[in-house]
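Summary of the model geometry
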Amino acid sequence: MTASLAAGLGPAPLGFAKAALRALQAGEAAGGDSRGKQSACLLVCSNVADDSSPPDLMIDLRVDDSPEPLLELSRLLELWWEG
């Protein structure tokens, strides 16, 4: 599933992160969480090694207590990519 999602999405890990963000935005557009909006996060790791060691963290962005958490998460992702 990950391989098919990541295929042709652009530079890794940004392409995968943007696809995940689009999925979150689609969920919000379809009605979102009945409790409302407040926070969002995006965590992207590399593939897990065969030896049960933890995956390498590539992107770890979090937004807490925001009226528009997905907009803020999108802004942070762009800042992360530029930085």
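So, how was this worked out
Residues numbered from 1 in each chain as written. Predicted model: local features only at pLDDT ≥ 70, side-chain atom pairs only at ≥ 80, totals over all residues. Heavy atoms only, no water. Axes fitted to C-alpha atoms, helices over the stretch in contact; angles between N-to-C directions. Helix = DSSP H or I, 4+ residues; strand = E, 2+ residues; numbered from the N terminus. Parallel < 35°, antiparallel > 145°, perpendicular 65-115°, else oblique. Contact = heavy atoms within 4.5 Å. Core = buried A, V, L, I, M, F, W, Y, C linked by side-chain atoms within 4.5 Å. Buried < 20%, exposed > 50% of the residue type's maximum accessible area, 1.4 Å probe, protein only. Salt bridge = Lys/Arg side-chain N within 4 Å of Asp/Glu carboxyl O. Expected span 1.5 Å × (residues − 1). Phe/Tyr/Trp six-rings, centres within 6.5 Å; stacked < 30°, edge-to-face > 60°.

1. Observations concerning the packing of helix H2 (residues 14-29) against helix H3 (residues 69-82)
Two elements in contact, H2 and H3, have axes whose closest approach is 11 Å; the angle formed by their N-to-C orientations is 170 degrees. In terms of orientation, H2 lies roughly antiparallel with respect to H3. Facing H2, whose interface residues are Leu 14, Ala 17, Lys 18, Leu 21, Leu 24, Gln 25 and Glu 28, H3 presents Leu 70, Leu 73, Ser 74, Leu 77, Glu 78 and Trp 81.

2. Brief notes about the nonpolar core
One finds Leu 14, Ala 17, Leu 21, Ala 40, Leu 42, Val 44, Ile 59, Leu 61, Val 63, Leu 70, Leu 73 and Leu 77 forming the largest nonpolar core, which totals 12 residues. Sequence-distant contacts of Leu 21, defined by excluding residues within four places in its chain, comprise Leu 70, Leu 73, Ser 74 and Leu 77.

3. Some remarks on the pattern of salt bridges
All told, the structure shown has 6 salt bridges when counted by the stated rule. For Lys 18, the salt bridge is made with Glu 78, and the minimal N-O distance between the two is 3.3 Å. Taken together, the residues span a long stretch of sequence, with Lys 18 in helix H2 and Glu 78 in helix H3 at a distance of 60 residues. Among the residues examined, Glu 78 registers a relative accessible area of 31% and is labelled partly exposed. In this structure, the salt-bridge partner of Arg 75 is Glu 72, at a minimum N-O distance of 2.7 Å. Of the two residues, Arg 75 and Glu 72 both sit in helix H3, 3 residues apart, roughly one turn of that helix. Since its relative accessible area comes to 43%, Arg 75 is described here as partly exposed. Counted as one network, the salt bridges with shared partners bring together Glu 28, Lys 37 and Glu 68.

4. Points about H2
Taking 1.5 Å as the rise per residue, H2 with 16 residues should run 22 Å; its terminal C-alpha atoms sit 22 Å apart, in good agreement. For H2, the set of buried residues is Leu 14, Gly 15, Ala 17, Ala 19 and Leu 21. Looking one or two residues past H2, Gly 31 carries a phi angle of roughly 130 degrees, positive in sign.

5. Some words on the packing of aromatic side chains
Throughout the structure, instances matching the rule amount to 1 aromatic pair. Taking 6.1 Å as the distance between ring centres and 40 degrees as the angle between the ring planes, the aromatic pair formed by Trp 80 and Trp 81 counts as tilted. Overall, Trp 80 belongs to the partly exposed group, its relative accessible area being 30%. Under the relative-accessibility criterion, Trp 81 is labelled partly exposed at 40%.

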